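Chain by chain, the residues run as shown.
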Amino acid sequence: QVQLVESGGGLVQPGGSLRLSCAASGRIFSINTMGWYRQAPGKQRELVATIANGGNTNYADPVKGRFTISRDSAKNTMYLQMNSLKPEDTAVYYCNVGTKSAPWSRLFTYWGQGTQVTVSS
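## Some thoughts on the overall build of the protein chain
Next up, step 1: When its secondary structure is counted, the protein chain shows zero helices and 11 strands.
Next up, step 2: N-terminal to C-terminal, the α/β element order of the protein chain is β-β-β-β-β-β-β-β-β-β-β.
Next up, step 3: Computed over the C-alpha atoms, the radius of gyration of the protein chain is 14 Å, within 12% of the 14 Å expected from 2.2 N^0.38 for a compact globule of 121 residues.
Next up, step 4: Classification of the 121 residues of the protein chain by burial places 42% in the buried group.
Next up, step 5: In the protein chain, the proportion of contacts linking residues at least 24 apart, taken out of those at least 6 apart, comes to 55%.
Next up, step 6: Accessible area of the protein chain: about 6500 Å², with a carbon and sulfur share of 48%.

The structure is reproduced here in structure tokens:
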């Protein structure tokens, strides 16, 4: 079993910045793709950004140039630096991690509990 602990959400004014963290622990042999998703009230959960094992990143168009995803493999931790925040970025942000517990095991995907980000003046 793998546990994901998210932190860093909160209330920020438009134009401000926040940094989210997602720390993975438990039976982890390897971590493959890590990603951030968000869900605003009344909307479906959507992709924000992903980062692969080799460091390749992918961003949703609305956050390109403003958000930066990164990972510290030694700490099994992923980050999302969010700059120039807009009211439309308000949502619950979830981390998503694909892991293997052993070299021969299949890939399992886990979700964090979510952290609220509110952008408002």
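## A few points about the side chain of Ser105
Next up, step 1: Relative to the assigned elements, Ser105 resides in the loop between β9 (91-100) and β10 (108-111).
Next up, step 2: Only 3.1 Å separates the side chain of Ser105 from the backbone nitrogen of Ser101, close enough to count as a polar contact.
Next up, step 3: A distance of 3.0 Å separates a polar atom in the side chain of Ser105 from the backbone oxygen of Ala102.

## Quick look at the environment of Val2
Next up, step 1: Among the structural elements, Val2 can be located in strand β1 (residues 2-7).
Next up, step 2: Once the C-alpha coordinates of Val2 and Ser121 are considered, the two residues, 119 residues apart in sequence, prove to be 37 Å apart.
Next up, step 3: Dropping the residues within four chain positions of it, Val2 is found in contact with Ala24, Ser25, Arg27, Ile28, Thr99 and Tyr110.

## Thoughts on the pattern of salt bridges
In a structure, side chains of opposite charge can pair up when their charged atoms sit close to one another.
Next up, step 1: Evaluation of the coordinates by the stated rule reveals four salt bridges.
Next up, step 2: A salt bridge links Glu46 to Arg38; the nearest nitrogen and oxygen atoms lie 2.7 Å apart.
Next up, step 3: As a salt-bridge pair, Asp61 and Lys64 come within 3.0 Å of each other at their nearest N and O atoms.
Next up, step 4: Shared partners join several salt bridges into a network, and the residues in it are Arg38, Glu46, Arg66 and Asp89.

## Regarding the packing of aromatic side chains
Next up, step 1: The tally for this structure, following the rule as stated, stands at one aromatic pair.
Next up, step 2: Look at Tyr37 and Trp111: their rings are 5.1 Å apart centre to centre, the planes differ by 65°, and that puts the pair in the edge-to-face class. Note that Tyr37 is positioned in strand β4 (residues 30-39) and Trp111 in strand β10, a separation of 74 residues in sequence.
Next up, step 3: A relative accessible area of 40% means that Trp111 is categorised as partly exposed.
Next up, step 4: Looking at Arg19, its charged tip hangs above the ring of Tyr79, at a distance of 4.0 Å from the centre.

## Examining the environment of Gln1
Next up, step 1: By the element assignment, Gln1 lies in the segment before β1.
Next up, step 2: For the pair formed by Gln1 and Thr99, sequence separation is 98 residues and the distance between their alpha carbons is 9.9 Å.
Next up, step 3: With residues up to four places along the chain from it excluded, the contact list for Gln1 reads Ser25, Gly26, Arg27 and Tyr110.

## Let's talk about the sheet that holds strand β3 (residues 18-26)
Next up, step 1: Ordered in space as β1-β3-β8-β7, the four strands form an open sheet in which the pairing is antiparallel. The two strands at the open ends of the sheet, each matched to only one other strand, are β1 and β7 (67-72). Pairwise comparison of adjacent strand axes, ignoring direction, gives a mean angle of 15° for this sheet.
Next up, step 2: Relative to strand β8 (residues 77-82), β3 runs antiparallel, the two sharing six bridges. When the sheet's bridge partners are listed, Arg19 is paired in β8 with Gln81.

What counts, and where the lines are drawn
- Along each chain, residue indices are assigned from 1 in the same order as the chain's sequence is written.
- Thresholds applied to this predicted model are a pLDDT of at least 70 for local features of residues and 80 or more for the giving and counting of side-chain atom pairs; totals over whole chains, interfaces and linings are not thresholded and use all residues.
- With hydrogens and water stripped out, all remaining heavy atoms of the structure feed into the side-chain values.
- Only DSSP runs of H or I covering at least 4 residues are called helices, and only runs of E covering at least 2 are called strands; the numbering of each starts at the N terminus.
- We compute the radius of gyration over the C-alpha atoms and compare it with the globule rule, which gives 2.2 Å times the number of residues raised to the power 0.38.
- Only protein chains enter the accessibility calculation, which uses a 1.4 Å probe; a residue whose area is less than 20% of its type maximum is buried, one above 50% is exposed, and one in between is partly exposed.
- We call two residues in contact when some of their heavy atoms are within 4.5 Å.
- For accessible areas, the Shrake-Rupley method is used with a probe of radius 1.4 Å. Any residue's cover is judged against the shown protein chains and nothing else.
- A 3.5 Å cut-off defines polar contacts: any pair of N or O atoms within that distance qualifies, except that in protein one atom must be a possible hydrogen donor and the other a possible acceptor, and neighbouring residues in sequence count only when both atoms are side-chain atoms.
- The salt bridge criterion pairs a side-chain nitrogen of Lys or Arg with a carboxyl oxygen of Asp or Glu, the two atoms within 4 Å.
- Aromatic rings from Phe, Tyr and Trp, taking only the six-membered ring of Trp, are treated as a pair when their centres fall within 6.5 Å; an angle between ring planes under 30 degrees marks them as stacked, one over 60 as edge-to-face, and anything in between as tilted.
- To sit over a ring, a charge needs its Lys NZ or Arg CZ within 6 Å of the ring centre and within 35 degrees of the ring normal.
- Strand pairing is assigned whenever DSSP detects at least two bridges linking the two strands.
- What counts as an axis is a line fitted to C-alpha atoms, over the stretch in contact for a helix, and the angles between N-to-C directions run from 0 to 180 degrees.

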